[in-house]
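# Structure assessment
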Protein chains: 2
Amino acid sequence: MPEQSSPLDVPEGDLFGPHNLPYGVFSTPDRPGERRVGVRIGDHVLDAGAAALALGSPYAQLLAQPDLMALLAAGRTAWRDVRRALTAWVTVPAHRADMEPLLHPLDAVTLHLPYRVADYVDFYASEHHATNVGQIFRPDADAPLTPNWKHLPIGYHGRAGTVVVSGTDVVRPAGQRKAPADPAPVFGPSVKLDIEAEVGFVVGTPSAQGKPVALTDFREHVFGLSLLNDWSARDIQAWEYVPLGPFLGKSFATSVSAWVTPLEALDAARTAPPARDLPLLPYLDDADEDEPGGYDLRISVAVNGHVVAEPPFSTMYWTAAQQLAQMTVNGASLRTGDLFGSGTVSGAEPSQRGCLLELTWNGRDPLELPDGKRTFLEDGDTVTITAWAPGPDGTRVGLGEVSGRVVPTD
Amino acid sequence: MPEQSSPLDVPEGDLFGPHNLPYGVFSTPDRPGERRVGVRIGDHVLDAGAAALALGSPYAQLLAQPDLMALLAAGRTAWRDVRRALTAWVTVPAHRADMEPLLHPLDAVTLHLPYRVADYVDFYASEHHATNVGQIFRPDADAPLTPNWKHLPIGYHGRAGTVVVSGTDVVRPAGQRKAPADPAPVFGPSVKLDIEAEVGFVVGTPSAQGKPVALTDFREHVFGLSLLNDWSARDIQAWEYVPLGPFLGKSFATSVSAWVTPLEALDAARTAPPARDLPLLPYLDDADEDEPGGYDLRISVAVNGHVVAEPPFSTMYWTAAQQLAQMTVNGASLRTGDLFGSGTVSGAEPSQRGCLLELTWNGRDPLELPDGKRTFLEDGDTVTITAWAPGPDGTRVGLGEVSGRVVPTD
């Protein structure tokens, strides 16, 4: 085979070159019940467990696994070492003959949820999003942001059991809704089914109950990130959420990318978060941190292939490190597989809003799509979220897409 | 050994006689790493897996396990059959010689969390509790109950990873709090640490995403119940909970009993819930159900051995079956090990309130305990919740206690 035809010869500029190497879990049609850890390279998946075994690597115990749990639990030093090894396996010419038979075209594999989600927490960290939602949902309030918003990252627990991998159909939820003028609630399929374009962070190293995790220990605990769509039924949410927060309006499905990008692939994307308007309590104060806490991720949201928004993650007021510190400051423990979402990513511009609630201002200003107007999602709509980040040496690091199609209530 | 000395000769009137038989998981000092399924009988634990193996029972595959997950997943017919078998093993004289060596005194074993908690949801189903809390937290509102309260059981997701078994110390959480008059939030150990006396329901049979579970299928999915203490830091909660609900004020710890009482042991305790003030949508309407949806559980809450409240579970407005129907009506799936709490159980009388927030009216009216006044919990306080229910033929069915001691912030 001529060398230039190797799948390992990823074209320059490819978002999934050897500078990226996100992790996932795949199976192949010939062995459909056998889930394997894979690493994406270009438009192929390397069977990482088989590669480790073929090379007699000690990391086989972390990679020859049906999911990412062993790798996630192994801790930061192991994450670094495994990544170094994988980088060598896909770049060093001497390994090429061993690796090529272990590559599978992406379109020939099935991708699975790569880890067992332990607890799922969702934050609310975009000032632009929170301000817009406040104006829409609480128009009579004194201010769109609640008084606590700039003092702590607001979050809540979601349903871990309904986190699904990209590509899974999402059944339109039914539930109660009640417009203010309605005399009583009505029941039926949601008529305000929405997207929430988010970034989800995946915890690897657990922590003990009663022991908060400091801001500076973020990288010891968080392995990587994925794009996330926190599907939301706005009509169900609006009726149910006072006083205990979102429940059925969110719990029917949360989609995550099949690919987890290790934080090490995103070092060049680190950026300072927006200036803080109010002084922060010490456990949240990141003004003097050595490493900036934000990530410059350029997100794109498409409905049926038509881009409807380009939210910039760099505008998020609260960083993932602050969210982790907040989540544990009361002594709550972390488990391997904990997932926390950033909250909807929305920038300052109307074209940067990460949900239809904001993009259409709760349906008042429909979007014009090639296949018709949209206020909220219609059955059959496919939502796809993609992103890239600045990588080393002028490269771009792609995040694995998260995609899902809306199907009618059963 | 004279027959009357057998631990299987449980005294008449014992709350844990052969009519009860709750399930738990235990280990013994000689084999501390080996967790085993146990069934409580009187003041002993029967090693249920060893019993099944000794008798060549086909249920050994469900009982000779390190936790209850296999039994929970086995479904209602198996639950009934296993219970029948266990009842025979502890009551039929022919089995006595086989069983006696497999009994361990309760005070000689360590009890463990008996199942892996999948998702944890907490409801808010006591009208008395919700009314009192509304008056305390939202004194300026038009009405103490939010407009949705009598149309649907309000709930939210809690943190599954911090559910701990009875007997585990609870570290006082730290966090932000801000009284309305304070210029800015302050940080420190909670000064309003509270009890929430609840009943937790444990899901056995899972359900598919996109498929709601009907009211009438409650018994197909829910295996049993346990007493639960949803520890709450009222000062943290009050500052954080608008607009997305309770988070750090609850997520530091939730204690559950080591014993899961199967619903079959509580058939004589079923009772009709309070009359409904408003018509319910069909998926929640239990007026025509064959079996009443409430449970007559007589709860007692003690601080350092002194009873501070006796909340009657029969007064709960929303039943567990309605909660399950609500939780899944949007298509959210159930997993084996899902746990949902009733919310604080409070009756109409001041002595029936299941939390200190209500009992002391947010600290205004301290309780007089033998060891001093209490507004909220102090370090070193031990909270113990017990309960019994009417059983068959005039017996009483005891629920396993849930107990925990408050220790200082680390």
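Model, not experiment: these values are computed from the prediction.

All right, on to the packing of aromatic side chains then. For the structure on display, the rule yields 23 aromatic pairs over all chains. With a centroid separation of 6.2 Å and 80° between ring planes, the pair formed by A:F123 and A:F340 is classed as edge-to-face. Taken as a pair, A:F123 in strand 6 (residues 120–123) and A:F340 in strand 22 (residues 339–341) lie far apart in primary sequence, 217 residues in all. The exposure class assigned to A:F340 is buried, which follows from its relative accessible area of 0%. On the numbers, 4.9 Å between centres and 40° between planes, the contact of A:Y283 with B:F187 is tilted. In this pair, A:Y283 sits in the loop between strand 18 (270–271) and strand 19 (294–295) while B:F187 sits in strand 11 (residues 186–189), so the two residues belong to two different chains. Judged by its relative accessible area of 38%, B:F187 is partly exposed. The ring of B:Y317 has B:R276 lying over it, and the distance from NZ or CZ to the ring centre is 5.1 Å.

Turning to the interface of chain B and chain A, a few remarks are in order. Tallying the contact residues gives 57 residues for chain B and 57 residues for chain A. Interface area, chain B with chain A, both sides summed: about 5,300 Å², of which 60% is carbon and sulfur. Its largest share of buried area at the contact with chain A, chain B owes to B:R159, B:L244 and B:F247, together 15% of the area lost on that side. Between chain B and chain A we count four salt bridges in total. Where A:D410 meets B:K211, a salt bridge forms, and the shortest distance between an N and an O atom there is 2.7 Å. Between the two partners, chain B and chain A, sit 28 residue pairs in polar contact (both at pLDDT 80 or more). Elements represented by at least two residues in the side of chain B that touches chain A include exactly strand 6 (120–123), strand 7 (155–158), strand 10 (174–177), strand 11, helix 8 (234–240), helix 9 (248–251) and helix 10 (320–328) of chain B. Among the elements that line the side of chain B that touches chain A, the one with the most residues is strand 7 of chain B, at four residues. In terms of residue class, the side of chain B that touches chain A is built from 33 nonpolar, 16 polar and eight charged.

This next bit is on the layout of surface pockets. Within this model, the second largest pocket holds a volume of roughly 770 Å³. Of the residues belonging to the lining of the second largest pocket, the class tally is 17 nonpolar, eight polar and seven charged.

All names here are of chain A. Entries for chain A in the domain assignment read domain 1 (3–112) and domain 2 (120–407). Taking the mean C-alpha position of each, domain 1 and domain 2 sit 29 Å from one another. Taken together, the 27 residues of domain 1 in the interface contact 27 residues of domain 2. Taken over both partners, the interface formed by domain 1 and domain 2 buries close to 2,100 Å², and the fraction arising from carbon and sulfur atoms is 67%. Area buried by domain 1 at its contact with domain 2 is led by L72, R76 and W79, which between them contribute 29% of it. Notably, a salt bridge pairs R76 with E220, separated by 3.0 Å at the nearest N-O pair.

All right, on to the UniProt feature "domain: Fumarylacetoacetase-like C-terminal" (unreviewed entry) in chain A then. Using the residue numbers shown here, the UniProt feature "domain: Fumarylacetoacetase-like C-terminal" (unreviewed entry) corresponds to residues 121–406 of chain A. End C-alpha atoms of residues 121–406 of chain A are separated by 23 Å, and the span's content is 14% helix alongside 30% strand.

You can overlay chain B on chain A at an RMSD of 0.0 Å; the transform is a turn of 180° with a shift of 0.0 Å along its axis. Seen this way, the second copy is the image of the first under a two-fold rotation axis. Residue B:G245 of chain B places its C-alpha closer to the rotation axis than any other residue of that unit, at 2.0 Å. Same-surface contact between copies: 100% of interface residues of chain B are shared with the interface of chain A.

For the rest of this paragraph, the subject is the pairing of strand 13 (residues 197–203) of chain B. All names here are of chain B. Burial within strand 13 is extensive, with seven of its seven residues counted as buried. Sheet topology places strand 13 next to strand 14 (residues 222–229); seven bridges connect them, and they run antiparallel. Bridge assignment links A197 to a residue of strand 14, and that residue is N229. The pairing of strand 13 with strand 22 (residues 339–341) spans three bridges and is classified as antiparallel. Residue pairing in the sheet places F201 in a bridge with F340 of strand 22.

For the rest of this paragraph, the subject is helix 4 (residues 76–91) of chain B. Because each turn of an α-helix spans 3.6 residues, side chains separated by three or four positions end up pointing in the same direction. Residues and elements named next belong to chain B. With 16 residues, helix 4 ought to run about 22 Å at 1.5 Å a step, and its terminal C-alpha atoms sit 23 Å apart, in line with that. Those residues of helix 4 that sit buried are A78, W79, V82, R83, A85, L86, W89 and V90. For helix 4, the arc enclosing every buried residue in end-on projection is 165°, short of the 170-degree limit, so these residues lie on one face.

Let us now look at the sheet that holds strand 25 (residues 382–390) of chain A. Strands belonging to one sheet form pairs held by backbone hydrogen bonds; the direction of such a pair is parallel or antiparallel. Residues and elements named next belong to chain A. Read across the open sheet, the five strands follow the order 9-26-25-20-21; overall the sheet is mixed. Bordering the open sheet on either side are strand 9 (170–171) and strand 21 (306–309), each of which pairs with just one other strand. Pairing of strand 20 (residues 298–303) with strand 25 involves six bridges; the strand directions are antiparallel. Residue A302 lies in a different strand from strand 25, and its bridge partner there is T384.

Our focus in this paragraph is unusual backbone geometry. Residue and element names in this part refer to chain A. Along the chain, V242 connects to P243 via a cis peptide bond; the corresponding omega equals 10°. Note on placement: P243 falls in the loop between helix 8 (234–240) and helix 9 (248–251). Phi is positive for L21, close to 55°, though the residue is something other than glycine. Tracing the chain through its elements places L21 in the segment before strand 1 (23–28). Residue classification places L21 among the buried positions, given a relative accessible area of 2%.

The rules behind the values
Per chain, residue numbering runs from 1 following the sequence as it is written. Note on labels: chains are lettered from A, ligands numbered from 1, in written order. Residues qualify for local features only when their pLDDT is at least 70, as the model is predicted, and side-chain atom pairs are given and counted only at 80 or more; totals for whole chains, interfaces and linings, by contrast, use all residues. Side-chain numbers here rest on the full set of heavy atoms in the structure, without hydrogens or water. Think of it this way: a Phe, Tyr or Trp ring, Trp meaning its six-membered ring, pairs with another when their centres are within 6.5 Å, and the plane angle makes it stacked under 30 degrees, edge-to-face over 60, tilted otherwise. The helix and strand labels rest on DSSP assignments: H or I over at least four residues marks a helix, E over at least two residues marks a strand, and numbering proceeds from the N terminus. Only protein chains enter the area calculation, which uses a 1.4 Å probe; residues under 20% of their type maximum are buried, those over 50% are exposed, and those in between are partly exposed. Two thresholds decide whether a charge sits over a ring: the Lys NZ or Arg CZ must be within 6 Å of the ring centre and within 35 degrees of the ring normal. In this description, contact between two residues means that some pair of their heavy atoms is separated by no more than 4.5 Å. Each of two parts loses accessible area, computed with a 1.4 Å probe, when they are put together; buried area is these two losses added. One side-chain nitrogen of Lys or Arg within 4 Å of one carboxyl oxygen of Asp or Glu is enough to make a salt bridge. Polar contacts, as used here, are pairs of N or O atoms within 3.5 Å; protein pairs need one atom able to donate a hydrogen and one able to accept it. Residues neighboring in sequence count only if both atoms are side-chain atoms. Throughout this entry, Asp, Glu, Lys and Arg are counted as charged residues, while Ala, Val, Leu, Ile, Met, Phe, Trp, Tyr, Cys and Pro are counted as nonpolar. The remaining residues, Gly among them, count as polar. Using protein atoms alone on a 1 Å grid, points that fit a 1.4 Å probe yet trap it form a cavity, whereas open point sets bounded by protein on both sides within 12 Å along at least five of seven lines form a pocket; residues with an atom within 4 Å of a point count as lining. Grid points are joined across faces, edges and corners, and a volume is the space filled by probe spheres set on the points. Marked domain ranges trace back to an automatic or database domain assignment. UniProt positions are given in the numbering used here, feature names are shortened, and annotations may be inferred rather than shown by experiment. Alignment of copies: least-squares fit on C-alpha atoms of residues with pLDDT of at least 70 in both copies. For two strands to be treated as a pair, DSSP must find no fewer than two bridges joining them. In this analysis, the expected span of each helix is defined as 1.5 Å times one less than the number of residues it contains. Comment: arc refers to directions from the helix axis out to C-beta atoms.

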